[in-house]
Amino acid sequence: MTEYSIGLDLGGTNLRAAAIDSTGKMLDKIAGATNFIEGREAVLGDMVAAILKLREKYGAAGLAGIGAGVPGFIRIKDGYITNSNNLPYFENFPLRDQIEQKLGTKVILENDANAAALGEKWMGAGRDSDDLVLLTLGTGIGGGIVSGGKVLRGFVGMAGELGHLTVVSNGNPCGCGNQGCLEKHASATAVVAMAHMMHLGENLTSKDVSDIAMRQDEAGEKARTIWRVMGESLGIALATLVNTFNFPLYLLSGGMLPAWEFFAPRMMEVVKQRSYTFRATETKIEQATLGSEAGLFGAAYLPWPEK
């Protein structure tokens, strides 16, 4: 009998589930769209159906548990999601209990960025470190902190909101009520906004801005300036994190990594400038390695420490 767990990764557009054994080998994966237009019950039904399909294939006897990574603040003890911009219909809804009732199996909820950090710690770039910070660079910026091999959650599950570190005093306004948040200056959304302001084109993506930066013309120089500004904001945030935690490893993941050559040099300059701890130690700042699979691995890992 193969012992395995099931990890679920729920996003604003995609729903994925995977059966992963205790050694971290992915046995099977199911991927589909999040049918949020059809409402809460439809999405809940899709989640349960994906888990059931995997459980039926690999057997209920070997199932160690089910973990689910979801966006938003997770009240771990209550099994509720609060403040989820991507999944508003699940806010203050007993998601964990509803899934458990439909499956008759224990379910562990976790914030998606925390799950990604756990995944990198278990099977990715952080497997040799029990202490790490992960920054997820996408439409927004998320974060996960692993300390002593466990996610640092805070007293109501809201630790690791690293996208809302202030990096520019009185900078761009953020929906959280602050100004100058990291995600307003270093996310894909921020990069695209800067590109529009610099008249580099309409309906651009961050990849488009990265492609423009490769050109040796005026537009290319403008695009490289955007990435340097983005790198500076990231550097300020990372220096703060290095000074705060003195962890050995800080990882960056997400859709912005293809532009690493454009933002990382300035990012590293700023970290060195602003963090004596970084200059004086063997602290590493690296790219994560699991890509979009990190959240699945992390969600599947959640049941194992409780075995």
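Definitions and cut-offs
Residues numbered from 1 in each chain as written. Predicted model: local features only at pLDDT ≥ 70, side-chain atom pairs only at ≥ 80, totals over all residues. Heavy atoms only, no water. 1 Å grid on protein atoms, 1.4 Å probe; cavity = no way out; pocket = protein on both sides within 12 Å on 5 of 7 lines; lining within 4 Å. Points joined across faces, edges and corners; volume = space filled by probe spheres on them. Helix = DSSP H or I, 4+ residues; strand = E, 2+ residues; numbered from the N terminus. Nonpolar A, V, L, I, M, F, W, Y, C, P; charged D, E, K, R; others polar. Pairing = 2+ DSSP bridges. Contact = heavy atoms within 4.5 Å. Axes fitted to C-alpha atoms, helices over the stretch in contact; angles between N-to-C directions. Salt bridge = Lys/Arg side-chain N within 4 Å of Asp/Glu carboxyl O. Buried < 20%, exposed > 50% of the residue type's maximum accessible area, 1.4 Å probe, protein only.

Colleague: Mind showing me how you'd approach the layout of surface pockets here?
Modeller: A water-sized probe rolled over the atoms picks out the places where empty space is left. There is about 330 Å³ of room inside the second largest pocket. Elements supplying a minimum of two residues to the lining of the second largest pocket: β7 (107–111) and β10 (150–151). Sort the elements by how many residues they give to the lining of the second largest pocket and β7 lands first, with three residues. Grouping the amino acids of the lining of the second largest pocket by side-chain chemistry returns nine nonpolar, one polar and five charged.

Colleague: I keep staring at the sheet that holds strand β8 (residues 132–137) and nothing clicks. Help me out?
Modeller: Note: strands within a sheet are paired through backbone hydrogen bonds, in either parallel or antiparallel orientation. Taken in spatial order, the five strands line up as β10-β9-β8-β11-β12 in an open sheet, and their pairing is mixed. At either end of the open sheet lies a strand with only one pairing partner, and these are β10 and β12 (284–287). In this sheet, β12 lies alongside strand β11 (residues 249–253) in parallel orientation, the contact comprising four bridges. The residue bridging L249 from the neighbouring strand is K284, located in β12. Against the sheet, helix α7 (residues 218–245) engages β8, β9 (141–147), β11 and β12, with an angle of about 160° to β8. Along the sheet face, helix α8 (residues 260–274) touches β8, β11 and β12 and points at about 165° away from the line of β12.

Colleague: When you look at the pattern of salt bridges in this model, what are you seeing that I'm missing?
Modeller: Pairing is possible between side chains that carry opposite charge, provided their charged atoms lie close to one another. Under the counting rule described, the total for this entry stands at 14 salt bridges. One salt bridge in this structure joins R16 and E293, with 3.1 Å as the shortest N-O distance. Of this pair, R16 sits in strand β2 (residues 14–21) while E293 sits in the loop between β12 and α10 (294–301), and the two are 277 residues apart along the sequence. For R16, a relative accessible area of 12% gives the class buried. For R215, the salt bridge is made with D217, and the minimal N-O distance between the two is 3.1 Å. One salt-bridge network, in which partners are shared between bridges, spans D9, R16, K29 and E293.

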